Amino acid sequence: MFIKILKHSFFFLSVILYFPANAEPEVLGWLESAVIKPWGIKVRAKLDSGALTSSIHATHIETYEIGDETWVKFTLTQPKNKSGTQVETKIIVEKPVIKETKIKEHSGDSMLRYVVEMKLCLNGRNYITPVTLVDRTNFHYPLLLGRRTLKNNVLIDPSKTFTANKSCLHKK
């Protein structure tokens, strides 16, 4: 239990140190391109001020135990591009579960989801953020970035899309 508390404290401290408190917020559109690291998975991300927690499209979600810690194994998908020059790629990821949380769905029902720490790049800036794992097959965008991820760093202009600089898309 102590290790779990220590790990959570380290996570939140790393987030605080990763983003300077005096950084000016960036104005981005409601839809942007992001890169999931370290795999370089390029995805469309919906910036959603109505969602508290971020979520990512994950399939084949399975939990297991290592000592007294819960881990989760899941599959991320690099979508094929519209030009057909890149094929769909599946990447198996294993991460420790930070927590389990109930998320209220549009239908009004609550769903229990696993939360893991992910690193992503948006507008040339790296983020370390908690995300819930969910099959977003029936949604248009594989990554939803909520207020916890965006607070203090991003203002959303709902009249714009794809305004972020593309430097993340070119980094390996």
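Everything below is about the structure printed above this text.
Rules used in this analysis
- Residues numbered from 1 in each chain as written.
- Predicted model: local features only at pLDDT ≥ 70, side-chain atom pairs only at ≥ 80, totals over all residues.
- Heavy atoms only, no water.
- Phe/Tyr/Trp six-rings, centres within 6.5 Å; stacked < 30°, edge-to-face > 60°.
- Helix = DSSP H or I, 4+ residues; strand = E, 2+ residues; numbered from the N terminus.
- Buried < 20%, exposed > 50% of the residue type's maximum accessible area, 1.4 Å probe, protein only.
- Lys NZ or Arg CZ within 6 Å of the ring centre and 35° of its normal.
- Contact = heavy atoms within 4.5 Å.

Trainee: Would you explain the packing of aromatic side chains in this entry?
Mentor: Here a ring pair, both rings aromatic, is described through the centre-centre distance and the interplanar angle of the planes. Tallying each qualifying case throughout the model produces one aromatic pair. Ring plane angle 80° and centroid distance 6.0 Å describe the contact between W30 and Y141, whose orientation is recorded as edge-to-face. Of this pair, W30 sits in strand β1 (residues 26-37) while Y141 sits in the loop between β9 (125-134) and β10 (143-145), placing them 111 residues apart in sequence. We classify Y141 as buried; its relative accessible area is 17%. We note R136 situated over the ring of F139; from NZ or CZ to the ring centre the distance is 4.5 Å.

Trainee: Quick question: what am I supposed to make of the environment of K160 here?
Mentor: Mapped onto the elements of the fold, K160 is located in strand β11 (residues 154-161). Along the chain, K160 and L28 lie 132 residues apart, while their C-alpha atoms are 7.3 Å from each other. In this view, K160 contacts G29, W30 and L31; residues no more than four positions away in its chain are not counted.

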